[in-house]
Amino acid sequence: MSFKPSSVVPPLTRPQLSEARRVRAAELFDQEHSNADIARMLGVSDESVRRWKRVWEENGADALRRRPATGRPPKLDDAQVERVRTALEQGAQAHGFEADLWTLERVGLVVERVTGVVLSRASVWRLLTGRLGWSLQRPERRAVERDESEIARWIAHEWPRIKKGP
């Protein structure tokens, strides 16, 4: 198991989609569309639109935006995450590991060396996938005995003979 930076922009998360729907509803409230029309356009229930409209009328469009999650703050601040990113981009061998691939345990060790913060495997996973945007990459398994020239010869000579039949 190894991890590489992901070049694909991830799709919007469910909370982001929900916020976009509420913000669009606020725009439609301004345009004086009916609640039923807004519910139909956004694919939500009439009750949701009524609730959003109440919030919008009392506190404005900003009240329909997401609020930051409550709870314990992350163990690593943004500067520490960037130091970890820089360290990981150097490769595993640069940190004394034999093979140049990252595992959760190896990343955890590097995080501890770079920041002094000990993370659980689950927290390392969230760091890699959530904050760094990396994705799981599995190395291709190939037999050590694999002989590319013999494979090419077999495909060129044996396979057509077998395919043709006796």
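It should be noted that the structure appears before, not after, this text.
What you see is a predicted model, and the numbers here were worked out from it, not measured in a lab. The written sequence of each chain sets the order in which its residues are numbered from 1. Where totals are concerned, whole chains, interfaces and linings use all residues; where local detail is concerned, this predicted model gives features only for residues with pLDDT of at least 70, and gives and counts side-chain atom pairs only at 80 or more. Water and hydrogen atoms play no part in the side-chain values, which are based on all heavy atoms of the structure.

Undergrad: Before we go on, may I ask you to explain the overall build of the chain in this structure?
TA: Of regular secondary structure, the chain possesses 7 helices and 2 strands. N-terminal to C-terminal, the α/β element order of the chain is β-α-α-α-α-α-α-β-α. The principal-axis extent of the C-alpha atoms belonging to the chain is close to 75 × 60 × 20 Å. In this scheme, a residue with accessible area under 20% of its type's maximum is buried, one over 50% is exposed, and one in between is partly exposed, where area comes from a 1.4 Å probe on protein chains only. The burial tally for the chain puts 27% of its 166 residues in the buried class. A sequence separation of at least 24 residues applies to 54% of the contacts in the chain between residues at least 6 apart. Strands here are runs of E lasting at least two residues and helices are runs of H or I lasting at least four, both read from the DSSP assignment and numbered beginning at the N terminus. Pairs of residues are marked as contacts when any of their non-hydrogen atoms sit within 4.5 Å.

Undergrad: Explain the pattern of salt bridges to me, please; I cannot follow it from the model alone.
TA: Note that side chains of opposite charge can pair when their charged atoms are close. One speaks of a salt bridge when a side-chain nitrogen belonging to Lys or Arg is within 4 Å of a carboxyl oxygen belonging to Asp or Glu. Overall, the coordinates contain 13 salt bridges when judged by the stated rule. Here Glu82 ties to Arg85 by a salt bridge, and the two come within 3.2 Å at their closest N and O atoms. One end of the pair, Glu82, and the other, Arg85, are both in helix α4 (residues 78-89), 3 residues apart, so they sit about a helical turn from each other. The class for Glu82 is partly exposed, based on a relative accessible area of 41%. Residue Arg142 pairs with Glu148 through a salt bridge whose shortest N-O separation is 3.5 Å.

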